[in-house]
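For reference, the chains in residue letters:
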Amino acid sequence: MPILLPPTPLAPYSRWLLERSAVYANWLLADQVEPGHLLGVLMQVEECAAYQATLRCFADPETIAEESRALCSGIMVTGSNASLPFSPLGLATLRRARLLARDHAAPAVEPAHLLHAACSELPAELVAAFTHAGFDAVRLAGAFGPAASTAQRAALPAAWERESALFAVFSEAAKRTLSLAARGAREAREPNISSAHILTASLAREPGLAAQSGVTLSRARALLREKTHDHSPLPDHALPADDELSSLVSRWQAGTSSMAMLGDLHGAATSDIAKLLIRQRVTQSALERLAKELEDPKDPPQDPELAHKLPGAQT
């Protein structure tokens, strides 16, 4: 996953960390790479000096990675325990539900829209299984009311047309449904929130949808057992660095290590990250002291198993 930057003299290992930040940002469905994405990678690569320095500061890299994720841009559910992004089909579900609600001039996206959209975005064999089990998409759609006229759609607030305002048109019930879907994904130890997680969460959140759709929560869970993971690939496109990360990279030289990268995240432009690091006892003075003791590997890792474990790796 390339990152769009001017030519940089970074050494191969540091360049690899930066490129992994773009993979991480892509996994979070962000449209740019930010310092928080870089921090997330530094706190996941055990071999790099920045990770080892964090341990020397008696901090927990995993906790820092989790907390920093909430500071990053992306399309995800952010909670007190963890922040989890949507999978490609999960994101397609959100967009389809939004379109359904808009096309019926609904005041907001509701769990019923999410349920209808989630079933539509399942893999074909699961859609067939749900249909065979009694799921009736036509009957469920009947609860949305008649299709909106052109004038009705034109009268909707501007937020309905802005991708950046995706969740602004979701009702509180729909947002709680997505939080429930995130919890289900975490409990299943899956890397993101799929359409299957949204489907079961919709039925769990609104029990009345079982009668409207023709499938109960227990039946849905049985049909989806061990089939909730989204195996579709993430979008493969280059992401630009945001202004803050571009400014940092412009100052980095060939000898810039992961320790220097971590130290630079204490800057004024990254104050939220700096506060997080200080709260976790990873101070600038501690990093300066440890810089003489810790070094990065010379070359990027060749072990495919390591790449599999990194943020954003496809599973």
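Residues numbered from 1 in each chain as written. Predicted model: local features only at pLDDT ≥ 70, side-chain atom pairs only at ≥ 80, totals over all residues. Heavy atoms only, no water.

> Could you give an account of the packing of aromatic side chains, with specific residues and numbers?
Inspection of the entire model under this criterion finds five aromatic pairs. Look at Y24 and W27: their rings are 5.7 Å apart centre to centre, the planes differ by 25 degrees, and that puts the pair in the stacked class. Here W27 and Y24 lie together in helix α1 (residues 12-27), a separation of three residues that amounts to about one turn. Neither residue differs from the other here; Y24 and W27 are each classed as buried. These aromatic residues form a ring-pair network of at least three members: F86, F167 and F170. (Phe/Tyr/Trp six-rings, centres within 6.5 Å; stacked < 30°, edge-to-face > 60°. Helix = DSSP H or I, 4+ residues; strand = E, 2+ residues; numbered from the N terminus. Buried < 20%, exposed > 50% of the residue type's maximum accessible area, 1.4 Å probe, protein only.)

> Tell me about the state of the cysteines, and please be specific about residues and values.
This structure, assessed with the given rule, holds zero disulfides. The thiol sulfur of C57 is not disulfide-bonded, and the nearest other cysteine sulfur, from C48, lies at 13 Å. (Disulfide = S-S within 2.5 Å.)

> Describe helix α2 (residues 35-42), naming the residues involved and giving the relevant values.
For α2, the tally of buried residues reaches eight of eight residues, placing the bulk of the element in the interior. By the burial criterion, the buried members of α2 are P35, G36, H37, L38, L39, G40, V41 and L42. If you follow the buried residues of α2, they end up packed against α1, α3 (49-56), α4 (61-69), α14 (243-251), α15 (258-264) and α16 (271-279). (Contact = heavy atoms within 4.5 Å.)

> So what about the packing of α4 against α16? Which residues, and what values?
Closest axis-to-axis distance for the α4/α16 pair is 11 Å, and the angle between their directions is 155 degrees. With respect to their mutual orientation, α4 and α16 come out roughly antiparallel. Regarding α4 and α16, the two cross each other, and that crossing is right-handed. Listed contacts from α16 to I64, E67 and S68 of α4 are L276, L277 and R279. Split into classes, the residues belonging to the contact of α4 with α16 amount to three nonpolar, one polar and two charged. (Axes fitted to C-alpha atoms, helices over the stretch in contact; angles between N-to-C directions. Parallel < 35°, antiparallel > 145°, perpendicular 65-115°, else oblique. Left-handed = near helix turned anticlockwise from the far one by under 90°. Nonpolar A, V, L, I, M, F, W, Y, C, P; charged D, E, K, R; others polar.)

> Describe in detail the packing of α2 against α16, supporting the description with residues and values.
Direction vectors running N to C along α2 and α16 enclose 30 degrees, while the axes themselves pass 10 Å from each other. Classified by the angle between their axes, α2 and α16 sit roughly parallel to one another. As for how α2 packs across α16, the hand of that crossing is right-handed. Facing α2, whose interface residues are P35, G36 and L39, α16 presents I273, L276 and L277.

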